[in-house]
Amino acid sequence: MKIVQVSDLHLVAPGETLFDLDPLARLEDLVADLNRNHADADIVIFSGDLTNDGDPAAYAALAERLTRLSAPFRLMLGNHDDRTAFRSAFTDAPAEGGFFQAAVDLPEGRLVLLDTLEPGLVEGRLCAARMAWLDAALSAGRPSLLFLHHPPMRIGIPSLDDSRLADADRLLALLRRHGNVRHIFAGHVHRLVSGVWGGIPFATLRGTNHQSAFKPHGPHEVSFEAPAYAVILADRDNVTVHACEFPARR
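Residues numbered from 1 in each chain as written. Predicted model: local features only at pLDDT ≥ 70, side-chain atom pairs only at ≥ 80, totals over all residues. Heavy atoms only, no water.

(A) Region of the structure containing the sheet that holds strand 9 (residues 200-204). Ordered by their spatial adjacency, six strands build an open sheet running 4-5-6-7-9-8, and the pairing between neighbours is mixed. The open sheet is flanked by strand 4 (102-106) and strand 8 (193-197), the only strands paired with a single partner. Neighbour to neighbour, the strand axes of the sheet diverge by 20 degrees on average, direction disregarded. The strands that helix 4 (residues 128-138) touches are strand 4, strand 5 (109-114), strand 6 (144-148) and strand 7 (181-186); relative to strand 5, the one it contacts most, it runs at about 175 degrees. The sheet strands contacting helix 6 (residues 168-178) are strand 6, strand 7, strand 8 and strand 9, and the helix crosses strand 8 at an angle near 65 degrees. (Pairing = 2+ DSSP bridges. Helix = DSSP H or I, 4+ residues; strand = E, 2+ residues; numbered from the N terminus. Axes fitted to C-alpha atoms, helices over the stretch in contact; angles between N-to-C directions. Contact = heavy atoms within 4.5 Å.)

(B) Representation of helix 2 (residues 56-66) in the model. If you check which residues of helix 2 are buried, you get Ala58, Tyr59, Ala61, Leu62, Arg65 and Leu66. For helix 2, the buried positions fall inside an angular range of 160 degrees around the axis, keeping them on one side. Buried positions along helix 2 lie against helix 1 (23-37), strand 2 (43-47), strand 3 (73-76) and helix 3 (83-89). Its side-chain oxygen placed 2.9 Å from the backbone nitrogen of Ala57, Asp55 serves as the N-cap of helix 2. (Buried < 20%, exposed > 50% of the residue type's maximum accessible area, 1.4 Å probe, protein only. Arc of directions from axis to C-beta. Polar contact = N/O pair within 3.5 Å; in protein donor to acceptor, adjacent residues only side chain to side chain.)

(C) Quick peek at the pairing of strand 5. Across the six residues that make up strand 5, a large majority, six, are buried. As paired elements, strand 4 and strand 5 share five bridges and run antiparallel to each other. Paired with Ala102 across the strands is Leu113, a residue of strand 5. In this antiparallel pair of consecutive strands, strand 4 and strand 5, the connection spans two residues. Examined bridge by bridge, strand 5 and strand 6 share five bridges and lie parallel to one another. Looking across to strand 6, one finds that Arg110 is bridged to Ser144. Considered for its hand, the β-α-β crossover made up of strand 5, helix 4 and strand 6 is right-handed. (Right-handed = clockwise from strand over helix to strand, strands pointing away.)

(D) Main features of the packing of aromatic side chains. Following the criterion strictly, the structure yields six aromatic pairs and no others. With a centroid separation of 4.8 Å and 80 degrees between ring planes, the pair formed by Phe86 and Phe100 is classed as edge-to-face. Residue Phe86 is located in helix 3, and its partner Phe100 is located in the loop between helix 3 and strand 4; the two are separated by 14 residues in the primary sequence. Each member of the pair Phe86 and Phe100 is classed as buried. Here the aromatic cluster, defined as three or more aromatic residues joined through ring pairs, consists of Tyr59, Phe86, Phe90 and Phe100. (Phe/Tyr/Trp six-rings, centres within 6.5 Å; stacked < 30°, edge-to-face > 60°.)

See below:
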């Protein structure tokens, strides 16, 4: 499997900027880079914070730009997104019980895309309905890769750890019971971080617009490291994650 993960676009209305950068121009540069280098991807997963504040104009711009992407894609939501505005722009997006999540089966395994958005909260949540859906998605027994916006693990930056997934202990208990999640992929933190959580490898990703500074102490601070996406290569024996920076306009 060749999977591309993209996260944290933070789109605003066309013509507007965020931290003096143009998120929509960054998206256009991303799409051009993916078409040039990874048109053969099985799927591109956008793991949340598609917009900065749920603006319908930003979702409309996203829908138009994604018509230019060569590879198939799936969209996930983060804490900056709005389910109603998203649904208006993406009427065919798969949904389960009102949540935008899905299990995608590829020849070498299952991709589980889990919705962790809880409106009004920065941190992620998993209600009983979403936990039940995840339980069923993993019950198929297939080797699985789990994608979610909010990382359940701490990454050592308190300002980011305070807004991680709030239901981490329940999630880990469920994953251990099934034992078939090979790797966890998250966004939200705008940093390239990897490690092992409860015996399961994980990786997080930079955004396409702005990043989070590495500050083990003190308040959150935005940084301007290069934008990046991840290329995930997986077969029955290995999962390899490449962090790929791409050239982007301001």
